[in-house]
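What the coordinates show
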Amino acid sequence: MTREDRGQLVLVAAAVLALALVPIAFAYLQLGYHADVRASVEYDDPQRNAERLLERSVYEASADVQGEYDWWQRENVVRDVRDGLQPGLETLRSARVESGTAYEVSYNRTAAERWAGENCPSGPSREFGPCEAIDGVVVQERADETDVLAVVVDVRVTTERGWSQSTVVVRSVGETADSS
């Protein structure tokens, strides 16, 4: 075998080896990478969408009544907040029906009472008055005015993949939402 033949043989062997490695590299790339589906742009989390819409709606509805009513008018505050939430709830209920996602939203009076009992600011160093949960809306007396603290709703999301249900506590005027 001449020197020239050996060079060609080495060149052919290198080409065969390179071609053999191409499918292995593709297999590695396909099997070795698993995107976080929830973090990807394509994934649409309907529960989180509902929470975001509720946060905006509660913020707007409660901002309209803050400082406008005396404590003895707290039931009027609750009525006005619920009335102010109605357009947002209707938007949520009808938002994605054509794409197979349905939302059911209802006020959770029991969870609102429990949240009020556990979370209303009180104590000897606080100057706040009584706290009350009325029809899923938590209000508190502050300087003889009615302050809206939170709205508690149950959200049921039905998609083609199944359904989920959660109780969402949306704190008013810019605070973050809690869910369970």
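Model, not experiment: these values are computed from the prediction.

Secondary structure assignment for the protein yields four helices and six strands. Considering only contacts within the protein whose residues lie at least 6 apart along the sequence, 55% involve residues at least 24 apart. Total accessible area computed for the protein in this model is approximately 11,600 Å², and 53% of it derives from carbon and sulfur atoms.

Let us look at the state of the cysteines. The full count for this structure, using the stated rule, is one disulfide. Paired by a disulfide, C120 and C131 hold their sulfur atoms 1.8 Å apart. In this pair, C120 sits in the loop between helix 4 (109–119) and strand 2 (131–134) while C131 sits in strand 2, placing the two residues 11 residues apart along the sequence.

Glancing now at a nonpolar patch on the surface. A surface patch of nonpolar side chains, amounting to about 300 Å² of accessible area, comprises L17, L21 and I24. According to the relative accessible area criterion, I24 is exposed, its value standing at 54%.

Reading guide: rules and limits
- Residues numbered from 1 in each chain as written.
- Predicted model: local features only at pLDDT ≥ 70, side-chain atom pairs only at ≥ 80, totals over all residues.
- Heavy atoms only, no water.
- Helix = DSSP H or I, 4+ residues; strand = E, 2+ residues; numbered from the N terminus.
- Contact = heavy atoms within 4.5 Å.
- Areas by Shrake-Rupley, 256 points an atom, 1.4 Å probe, with all protein chains shown as cover.
- Disulfide = S-S within 2.5 Å.
- Patch = residues over 30% accessible without salt bridge, like charges linked within 9 Å, V, L, I, M, F, W, Y side chains within 5 Å.
- Salt bridge = Lys/Arg side-chain N within 4 Å of Asp/Glu carboxyl O.
- Buried < 20%, exposed > 50% of the residue type's maximum accessible area, 1.4 Å probe, protein only.

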